[in-house]
Amino acid sequence: MSHRVERVTRNHSSAGSRWGPALLDAGPPERARPLEIFAAVVAAVLPVAISPIVYSYTFTPKLAILLVVAAVGMPRLVALALGSEHAAAARAALVFLAVALVATLHSPATLLAFFGSYGWGTGWVFWCGVMGAFAIGASLGDRGRELVATGLLVGAGANAVVEIFQEALRLNSPVLGLYQGTQADGLMGNPVYLESILVGALALTLVRARRRLPWLALATLLAAGLELSGERYAIVLLAAVALYAAAVVRSRRGLAFVVAIGAGYGAAYLGTSHLLHARITASVASNPRVLLWKTLARAIRHQLLLGFGPGGTMAAQTRYSSLALARKLEVGTYFADAHDVFVEVLVTTGVLGLLAFLAFGILSLRRARGPLLGFAVLAIAVELVEPLNVGVTPLVFLALGAAAGAGTLRPVMASSRSEIAVRSVLAAGALLVAGALLVGDYEVNQGLLHYNYSQARSGSEMLRVWAQPAVLTANVADNRAIAFSDPSHWLPITRQWRGIAVRREPTNTQLWEELADADAALGHDQLASREFRRSLRLDEYDTSALIHYGRLELGLRHRSEGIRLLRRAVASAPRSAQALQALSAATFRR
């Protein structure tokens, strides 16, 4: 089937810009292929995928969709690498995935490296989904690119509408309430992820607004959503979009677009209690990213070639943390992501992974054209200072692949029968896994809501690749020990699940601390001491572990050791009331 690539290339030439319109022009519309319909559905549904009946109401549904994207996209990526206009970029992507796989197998926490930590999911499987999304995007024709752009606008617009309801109603709801009581997050679970989707969608509305004025209303809505998200970086990116519209587009429609986004942002700003100056100064005063990046730069020297494995950023941070970073963060706070896509790739896959990733980026950008490139660039710009996300990053690479396809000179290579067969088998398996993922998370959620241990245990067994479900099951058992005054029965079960959590993620200092607490509650003091020491080997500035270990030593009448540990706790967190009170009580105890 021809995809009229020549006509698309001519549009770019007439636009005089890589960012110009590369969407359908006049003429009979193409008939969308199944892969193009799938890509459009993913673009529309991934930003709005949410379920209030599972424990992680945004992460789990979005990860379930990403699994299917990986299953559909990976055979396509291999096919592109074997021979197509995108062969060089596809081969670089496969090299990156191969390096990431070696880093995964080399990681001390293999399950974590394969699947990422619960709530983040940025393991090796995540990268398969991301690169698979690129391959799907690169395989689209004109009609497919139009459908994907429309899908992205639908997802972004739906999130912006939900934001307005969140701000207006201010519901006390974990799903539809404001994030931390102050910021609207739409259906993304965090305003920083929403920021990426909204600012990227503005690039798509700019092209459409040049042709049809009603699209200006959507631009106004998206700009209002950026203000309601409360994110500072959005101000910079919104200004960049406005400057581009005014300086490059240079038309009445371009000026109208600038006025529209200014009106939307201004109206939202005036209609809320957000204070721009306070938000900017608070960000500058309390931002620990630079300290984190310094810590990770120190860490990567010890794992230069392969890094710490996908999802291993927190292990790198804790093991090589500094006193300055520990004091900057609240007690028990860690970064599961480097808050920069390139630093994240470097830390988790090493220099080899970063080189392959950069090669992929350069090769995929060579022919990239059109508004979908604008979406990809603006959205990835947010991920230069914010975390990767299962609901955002795949869409960035889907748009990047589609933009790369817009600049090709040949029709898209059709899928072979063998590729379709492999894709069908993988997709069926992914659907089964996705279903088990949702059911397991539902069981864990019901177990927590009703203190139902059997449901929590069932869910944790279905989600056996993650430590967090085991932690939640242990918490249910612990609560039952208190509620039913039956510690002799429930405390050993609590300890069992804390041990399971540690085995699933042995590089997590907090899990070792919780296991030590469980053993101390059972009177296994020597075992608890060893586990506290293991926790502190992973993070010598773990204030909570220092406090609990110090109290254990005091209980064992090792007064000098207990006070030494509590002094270390105060040194790592001078503003911690818990550490100060524990040290004061120990110092004046006779």
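Provided above is the structure to which this section pertains.
Residues numbered from 1 in each chain as written. Predicted model: local features only at pLDDT ≥ 70, side-chain atom pairs only at ≥ 80, totals over all residues. Heavy atoms only, no water.

A. Up close: the packing of helix H21 (residues 468–483) against helix H22 (residues 487–504). At their nearest, the axes of H21 and H22 sit 8 Å apart, and the two run at 170 degrees to each other. In terms of axis orientation, H21 runs roughly antiparallel to H22. Seen from above, H21 lies across H22 with left-handed handedness. Between H21, through Ala-470, Val-471, Thr-473, Ala-474, Asn-475, Ala-477, Asp-478, Arg-480 and Ala-481, and H22, the contact on the second element is made entirely by Pro-487, Trp-490, Leu-491, Ile-493, Thr-494, Trp-497, Arg-498, Ile-500, Ala-501 and Arg-504. Partitioned by chemical class, the residues of the contact of H21 with H22 number 12 nonpolar, 3 polar and 4 charged. (Axes fitted to C-alpha atoms, helices over the stretch in contact; angles between N-to-C directions. Helix = DSSP H or I, 4+ residues; strand = E, 2+ residues; numbered from the N terminus. Parallel < 35°, antiparallel > 145°, perpendicular 65-115°, else oblique. Left-handed = near helix turned anticlockwise from the far one by under 90°. Contact = heavy atoms within 4.5 Å. Nonpolar A, V, L, I, M, F, W, Y, C, P; charged D, E, K, R; others polar.)

B. Geometry of helix H26 (residues 559–572). Relative to the 20 Å expected for 14 residues at 1.5 Å per residue, H26 spans 20 Å between its end C-alpha atoms, a close match to the ideal helical length. Lining the buried residues of H26 we find helix H15 (323–328), helix H25 (543–555) and helix H27 (577–587). (Expected span 1.5 Å × (residues − 1).)

C. View of the environment of Ser-107. Along the chain, Ser-107 falls in the loop between helix H4 (87–106) and helix H5 (110–115). Look at Ser-107 and you get buried, because its relative accessible area is 9%. Ignoring any residue separated from it by four or fewer positions in sequence, one finds Ser-107 in contact with Ala-113, Phe-308 and Gly-309. Of note is the side chain of Ser-107, whose polar atom sits 3.1 Å from the backbone nitrogen of Ala-109. (Buried < 20%, exposed > 50% of the residue type's maximum accessible area, 1.4 Å probe, protein only. Polar contact = N/O pair within 3.5 Å; in protein donor to acceptor, adjacent residues only side chain to side chain.)

D. Just a nonpolar patch on the surface, in detail. A cluster of nonpolar side chains, Val-161, Phe-165, Leu-169, Leu-171 and Leu-176, forms an exposed patch at the surface whose accessible area comes to about 450 Å². For Leu-171, the location among the structural elements is in the loop between helix H7 (142–169) and helix H8 (191–209). Judged by its relative accessible area of 41%, Leu-171 falls in the partly exposed class. (Patch = residues over 30% accessible without salt bridge, like charges linked within 9 Å, V, L, I, M, F, W, Y side chains within 5 Å. Areas by Shrake-Rupley, 256 points an atom, 1.4 Å probe, with all protein chains shown as cover. Salt bridge = Lys/Arg side-chain N within 4 Å of Asp/Glu carboxyl O.)

E. Up close: the packing of helix H24 (residues 525–538) against H25. Here H24 crosses H25 at 150 degrees, and the two axes come no closer than 10 Å. Comparing their axes, H25 and H24 come out roughly antiparallel. In this structure, H24 meets H25 at a crossing whose hand is left-handed. Taken together, the residues of H25 that come into contact with H24 (itself represented by Asp-525, Ala-528, Ser-529, Phe-532, Arg-533, Ser-535 and Leu-536) are Ala-545, Leu-546, His-548, Tyr-549, Leu-552 and Glu-553.

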